[in-house]
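Observations on the three-dimensional arrangement
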Amino acid sequence: MNLISDRKLRLLACAIARNGWNELYDRAHRRAVEIGEDYVEGLATTLDLRAAYNDATAKKIDPTTRGRMLMYIAFICASADVDLSVLLPLRMPFYYNEWSHLIRDIAGNPFRKTNWNMPADSVVRSDLSGLAYGMAREAYELRKGDNGALDNERLLVVADLLEDIGCEDVDVLKHLRSPGIHVRGCWVLDRILRKV
Ligand SMILES: [Zn+2]
């Protein structure tokens with residue numbers, strides 16, 4: 001059983017690939033990542049996914065260990081079944097430190113569960129709750145660059161708005177205000193946007 005959803009697992013693969021974006025030397029490998037992200041949003045079909053996967057896997061294998069690892073992650077982004085365990089023979093733990101902040105951002109703290117939830121009707125409201133939802137949506141959609149990072153300034157505004165509507169969850173507020181990189185699948189944004 002996976003601890004996180006297939007959507008989050010695919011977004012994690014995409015975040016890891018984007019973390020090494022400049023080292024993905026082939027356009028088809030980058031395309032596999034983009035299509036994986038589109039698939040998550042319902043903007044690409046399983047046929048698009050398969051085509052991107054076939055294109056990417058037909059390219060020359062990167063000769064370096066690191067390049068090869070990133071290339072395999074790009075394949076995973078566009079594969080029908082997202083399975084990061086195939087990376088184990090590539091000594092994935094060796095890279096765990098580099099990826100740990102992405103894993104934490106998406107999976108959250110497994111030892112601390114928050115019960116806080118965004119009011120379900122926020123999406124249609126025109127008050128501060130609706131504003132917080134809209135700003136969270138913008139933060140999710142409008143990323144800053146190829147590395148897939150969300151705009152931390154927007155997340156700070158979301159945190160302030162949540163406080164204004166009565167959110168007192170320290171973990172939620174602290175996470176939104178943490179200066180590190182946040183990516184699509186960020187556990188707090190997912191809570192706000194009611195994504196799993
Ligand atoms: Zn985050």
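All values reported here derive from a predicted model rather than from experimental measurement.

Our next topic: the nonpolar core. Ala13, Ala17, Ala32, Ile73, Ala74, Cys77 and Val158 are the most contacted members of the largest nonpolar core, which totals 53 residues. Ranked by residues supplied to this core, first place goes to helix H4 (residues 65-77) with 9 residues. Residue assignment places this core across two domains, with domain 1 (6-99) and domain 2 (122-193) each supplying three or more. Here Ala17 is in contact with Leu24, Val33, Leu70, Ile73, Ala74 and Cys77, once residues within four sequence places are set aside.

Okay, the environment of Asp26 next. Checked against the element boundaries, Asp26 lands in the loop between helix H1 (6-19) and helix H2 (27-40). Residues Asp26 and Asp83, 57 residues apart in the sequence, show an inter-C-alpha distance of 22 Å.

Along the chain, Gly166 falls in the loop between helix H7 (152-164) and helix H8 (170-177). Sequence separation between Gly166 and Leu142 is 24 residues; the distance between their C-alpha atoms is 26 Å.

Here we take up H7. Helix length check: H7, at 13 residues, gives a terminal C-alpha distance of 19 Å against a target of 18 Å (1.5 Å per residue), a fit within 8%. Burial in H7 covers these residues: Arg154, Leu155, Val158, Ala159, Leu161 and Leu162. Around the axis of H7, the buried residues are gathered within 165° of arc, so they sit on the same side. Buried-residue contacts for H7 involve helix H6 (128-141) and H8. Gly166 sits one or two residues past H7 and shows a positive phi near 100°.

What follows deals with the domain arrangement of the protein chain. In terms of domain boundaries, the protein chain breaks down into domain 1 (6-99) and domain 2 (122-193). With centres defined by C-alpha atoms, the gap from domain 1 to domain 2 works out at 26 Å. Every contact between the two is made by 8 residues of domain 1 and, on the other side, 6 residues of domain 2. Tallied by class, residues from the side of domain 1 that touches domain 2 come to 5 nonpolar, 1 polar and 2 charged.

Thresholds, definitions, all that
Along each chain, the written sequence defines residue order, and numbers are assigned to residues from 1. In keeping with the predicted nature of the model, local features appear solely for residues at pLDDT of at least 70, side-chain atom pairs appear and are counted solely at 80 or more, and the whole-chain, interface and lining totals rest on all residues. Among buried residues, those of type Ala, Val, Leu, Ile, Met, Phe, Trp, Tyr and Cys that are joined through C-beta atoms within 7 Å form a set called a nonpolar core. We call a residue exposed when 12 or fewer other C-beta atoms sit within 10 Å of its C-beta, buried when the count reaches 20 or more, and partly exposed for counts in between; the C-beta positions come from the backbone. Numbering goes from the N terminus for both helices and strands, where a helix is a DSSP run of H or I of at least four residues and a strand is a run of E of at least two. Bear in mind that the domain bounds are from an automatic or database domain assignment. Any two residues are considered in contact once their C-beta atoms, placed from the backbone, lie within 7 Å. A helix is expected to span 1.5 Å multiplied by its residue count minus one. Taken from the helix axis, the directions to the C-beta atoms give the arc we talk about. Residues are grouped as follows: Ala, Val, Leu, Ile, Met, Phe, Trp, Tyr, Cys and Pro are nonpolar; Asp, Glu, Lys and Arg are charged; all remaining types, including Gly, are polar.

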